[in-house]
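What the coordinates show
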Amino acid sequence: MLKLTNWQQCVELTSAICITPSGDWTHMIDGCPVRLEHRIIDPAGHRLVFFRADSVDGNPYCGRWITDTFDKEAVITMPEQLTLGRKFE
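Remember, predicted model here, so these are calculated numbers, not experimental data.

Rules used in this analysis
- Residues numbered from 1 in each chain as written.
- Predicted model: local features only at pLDDT ≥ 70, side-chain atom pairs only at ≥ 80, totals over all residues.
- Heavy atoms only, no water.
- Helix = DSSP H or I, 4+ residues; strand = E, 2+ residues; numbered from the N terminus.
- Expected span 1.5 Å × (residues − 1).
- Buried < 20%, exposed > 50% of the residue type's maximum accessible area, 1.4 Å probe, protein only.
- Arc of directions from axis to C-beta.
- Polar contact = N/O pair within 3.5 Å; in protein donor to acceptor, adjacent residues only side chain to side chain.
- Phe/Tyr/Trp six-rings, centres within 6.5 Å; stacked < 30°, edge-to-face > 60°.
- Contact = heavy atoms within 4.5 Å.
- Salt bridge = Lys/Arg side-chain N within 4 Å of Asp/Glu carboxyl O.
- pLDDT = per-residue confidence, 0-100.
- Pairing = 2+ DSSP bridges.

Next up on the list: helix α1 (residues 7-18). Spanning 12 residues, α1 covers 17 Å between terminal C-alpha atoms, matching the ideal 16 Å at 1.5 Å per step. Restricting attention to buried positions, one finds in α1 the residues Cys10, Leu13 and Ile17. One face of α1 carries all of its buried residues, which in axial projection span an arc of 65°. Two or three places before Gln8, at the opening of α1, Asn6 has a side-chain oxygen 3.1 Å from that residue's backbone nitrogen.

Turning next to the packing of aromatic side chains. All chains considered together, the criterion is met by 3 aromatic pairs. Ring pairs connect the aromatic residues Phe51, Trp65 and Phe70, which therefore count as one cluster.

This part covers the environment of Pro33. Topologically, Pro33 is positioned in strand β3 (residues 32-41). Each C-alpha atom of the pair Pro33 and Gly23 lies 8.6 Å from the other, and the pair is 10 residues apart in sequence. Discounting chain neighbours no more than four positions away, the residues touching Pro33 are Trp25, His27, Met28 and Ala53.

Take the pattern of salt bridges next. One pass over the structure, following the stated rule, counts 3 salt bridges. Residue Arg35 pairs with Glu37 through a salt bridge whose shortest N-O separation is 2.5 Å. Residue Asp71 pairs with Arg39 through a salt bridge whose shortest N-O separation is 2.7 Å. Here Arg39 lies in strand β3 and Asp71 lies in helix α2 (residues 67-73), a separation of 32 residues in the sequence.

The next subject is the confidence of the model for the chain. On average, the chain scores 87 in pLDDT, and the residues at 70 or more come to 88%. Low pLDDT (under 50) marks residues 81-89, which in the prediction has 0 contacts with non-local residues, meaning those over four places away or in another chain.

Below, the discussion takes up unusual backbone geometry. Of note, Asp24 is a non-glycine position whose phi angle comes to about 55°, a positive value. You can see Asp24 is positioned in the loop between α1 and β2 (27-29). One non-glycine residue with positive phi stands out, namely Asp30, at about 50°. As for its placement among the helices and strands, Asp30 is situated in the loop between β2 and β3.

Right, let's get into the pairing of β3. Alignment of strand β1 (residues 2-3) against β3, held across 2 bridges, turns out to be parallel. Paired with Lys3 across the strands is Ile41, a residue of β3. Here β3 runs beside strand β4 (residues 47-54); their pairing, made up of 7 bridges, is antiparallel. Residue Ile40 lies in a different strand from β4, and its bridge partner there is Leu48. In this antiparallel pair of consecutive strands, β3 and β4, the connection spans 5 residues, and Gly45 shows a positive phi of 95°.

So this is what it looks like as structure tokens:
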């Protein structure tokens, strides 16, 4: 678990997560796909999960939930299997 020592590190982590591409979703929250990015301990000592998602209008955002809540309410999804190249019969 990543331990952050100041709030500037939280801001930098959020910015870095927001610029990552969409996809490779790991969980569903309220019917929306999200990708778990980091489990952290913030400067106040709270255990948080940072995740990447897309808003309704398609813009990226970084969300954060208390770890216990995320583990109880986020539904794990199976990543889509991608096939590359030609189909085999």
